[in-house]
Structure formats: C-alpha cells, structure tokens
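# Architecture and fold: a report
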Amino acid sequence: MTVALIVAAGSGERLGAGGPKALVRLAGRSMLQWSIDALEAVAEIERIVVALPAGVLAPPGVIGVEGGAVRSDSVRRALAQAGAGELVLVHDAARPMLTPELARAVIAALRSDGDAAAAIAAVPVTDTVKRVDTSGTVRETLKRSELWAVQTPQVFRREALERALAVPAHQLAQATDDALLIEREGGRVIVVAASDENLKVTTPLDLKLAELLLSTRARGSSAPLPLKPD
Ligand code: C5P
C-alpha cells in the first residue's frame, strides 16, 4: 500500500497572491484540492497527509499537519503522521495539474524495479542549460541529452525515505526535492517520463496557464495530453 504526502506549507511569495499559494483558487477549487482529487482517484493510495501553513485547516478526507521551515522538513512532519504503508508518494501542492494516471505510473515504475529506492516524474529538458557564475559569466554548457527537469510526484520505499530525511537541518534545507537526499546516500533513483502539463505554479504567468488548462479540463472538452511525447 502507498501513503501520499502533499506538501502545501510554502508561503508562495514569488506568486504574490497575498496568502498561502496552496489555497489560491483555480478553476473553482483551491490549488491543493486539485492534487487531493487526483490522488483520491488512485485506488492503491490508502491515506493522504497534507503539510499546511500554521493555522490552516485540512480539507475533508485528509490528515493535516503543520509544515516545517523548509520543504523537506514539511515532508518529514507529514511522514511522521502517515501511518503504515510500504511506499510513500510525495507531491507538491504547487503542481495542481497532477493526474491519477501519472501518480499510478510513478508507483508502478518503482514497484517493477526492485533495485530502485525511488521513482520520480520528470521531463527531458528542451532548453540549452548553462552553468553561470555570480558575475554572470558562462562557465559550462551542460549536455542537453542527459538533462531532465524533475517534477513531483516522487515515490519512495519508506525505509529509504526515512533514512534520507534523518539528516541535519542544514542538509534538509538544501534539498529542493527529496530524491536528492536518496541520491546522496547512494540510493538508485529512476525517472518516469511525465508531461510538461504537470507544471509547477511559481509565477503569476504559471497561475494563468494552470487556470486555463484546469478550466478546460473541468469542462471536459479536451483529452489530457499524453504522458510521453510522440
Ligand atoms: O518552495 P518550493 O516552490 O520549492 O515549494 C515546493 C512545495 O513545497 C510547495 O507545494 C510548497 O507549498 C511546499 N513547501 C512546504 N513547506 C515549506 C516550503 C515549501 O510544504 N517550508
């Protein structure tokens, strides 16, 4: 069985919505509710725990916990309330375009690879990516064919995630995703091809795009984009 953790405790300052990002309304529901609805449609997810900003009540049907100072601390706090479950799915509330199909695909990928500690949704990078120093000078051009932009959901074997999260606070603070903590301790992480549509809402432009896509989806007038490009 799988337990799902949604981290929704960020302040969302870059969005400038004047309140917690996860509570921003999108096509008739809160951003957080879109992810909850997608995960509730996945039969093997037994329980959903949401890390929330202090003072925010959990929506019906999920367990709420107060988030931590940094993202991975919110994951750790949610995991502590998750109860039994051999696999743990972690998802950012900032990705409201999540589909049940993607969540199932990432869970299935981990189940079918006994050597992997984690499976993560990701898309091949289409931009050329350069490493740039603080003076603005390009230092390196990375090999694009090897680069993937990582998303959530990320699914972990529970013991691997618990071990990975049991590190000092400064290491947790550096982790922009949880898979990084697994990689650091030598665990194998595999990618599952996802869609660009599973975008992360960070800026006002992302919010407009998500609103457009979710209202189209809510009207049922378009089929979801395929997980893998043709
Ligand atoms: O800050 P960032 O955009 O990486 O946040 C990704 C996700 O982590 C968001 O859904 C946000 O709500 C969550 N988060 C959290 N606790 C924090 C910081 C971020 O739950 N302290």
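As a starting point, this report considers the structure included with it. (Residues numbered from 1 in each chain as written. Predicted model: local features only at pLDDT ≥ 70, side-chain atom pairs only at ≥ 80, totals over all residues. Heavy atoms only, no water.)

The subject of this paragraph is the environment of A117. Here A117 lies in the loop between α3 (100–111) and β7 (118–124). Sequence separation between A117 and G187 is 70 residues; the distance between their C-alpha atoms is 5.7 Å. Ignoring sequence-local partners within four residues, the contact set of A117 consists of L110, V155, F156, R157, A160, I182, G187 and R188. (Helix = DSSP H or I, 4+ residues; strand = E, 2+ residues; numbered from the N terminus. Contact = heavy atoms within 4.5 Å.)

What follows is about the environment of G61. Tracing the backbone through its elements, the reader meets G61 in the loop between β4 (45–52) and β5 (63–66). Along the primary structure G61 and R47 are separated by 14 residues, whereas in three dimensions their C-alpha atoms are 8.8 Å apart.

Another aspect to go through is the pairing of strand β6 (residues 87–92). In terms of residue burial, β6 counts as a mostly covered element, since 6 of its 6 residues are buried. Judged from the 6 bridges that link them, strand β1 (residues 2–7) and β6 form a sheet pairing that is parallel. Across the sheet, L5 pairs through a bridge with V90, a residue of β6. In terms of strand pairing, β6 meets strand β10 (residues 148–157) through 4 bridges, oriented antiparallel. What sits directly across from V88, in β10, is F156. (Buried < 20%, exposed > 50% of the residue type's maximum accessible area, 1.4 Å probe, protein only. Pairing = 2+ DSSP bridges.)

With mixed pairing, the 7 strands of this open sheet are ordered in space as β5-β4-β1-β6-β10-β7-β11. Edge positions in the sheet fall to β5 and β11 (189–193), since each of these pairs with one other strand and no more. Adjacent strand axes in the sheet meet at a mean angle of 30° when their direction is disregarded. Along the sheet, helix α2 (residues 71–80) contacts β1, β4, β5, β6 and β10; its crossing angle with β1, the most-contacted strand, is approximately 140°. Helix α4 (residues 158–165) contacts β1, β6 and β10 of the sheet and is inclined by roughly 110° relative to β10. (Axes fitted to C-alpha atoms, helices over the stretch in contact; angles between N-to-C directions.)

Time to look at the site of the ligand. Taken together, 14 residues form the shell around the ligand, and within it V7, A9, G10, G68 and S74 come nearest. For the ligand, an oxygen atom lies 2.8 Å from a polar atom in the backbone of V7. Residue K200 places a side-chain N or O atom 3.0 Å away from an oxygen atom belonging to the ligand. For the ligand, whose unbound accessible area comes to 460 Å², protein coverage reaches 83%. (Near = heavy atom within 4 Å. Polar contact = N/O pair within 3.5 Å; in protein donor to acceptor, adjacent residues only side chain to side chain. Areas by Shrake-Rupley, 256 points an atom, 1.4 Å probe, with all protein chains shown as cover.)

Below, the discussion takes up the nonpolar core. The biggest cluster of nonpolar side chains holds 32 residues, and the ones touching the most others in it are I6, L32, L39, I45, I48, V50 and L89. For this core, the elements supplying multiple residues, two or more each, are β1, α1 (31–40), β4, β6, α3, β7 and β11. The biggest single contributor to this core is α3, with 6 residues. Among residues more than four places away in sequence, those in contact with I48 are A4, I6, I36, L39, E40, V62 and I63. Residues V7, V88, F156 and L172 belong to the second largest nonpolar core, which totals 23 residues. (Core = buried A, V, L, I, M, F, W, Y, C linked by side-chain atoms within 4.5 Å.)

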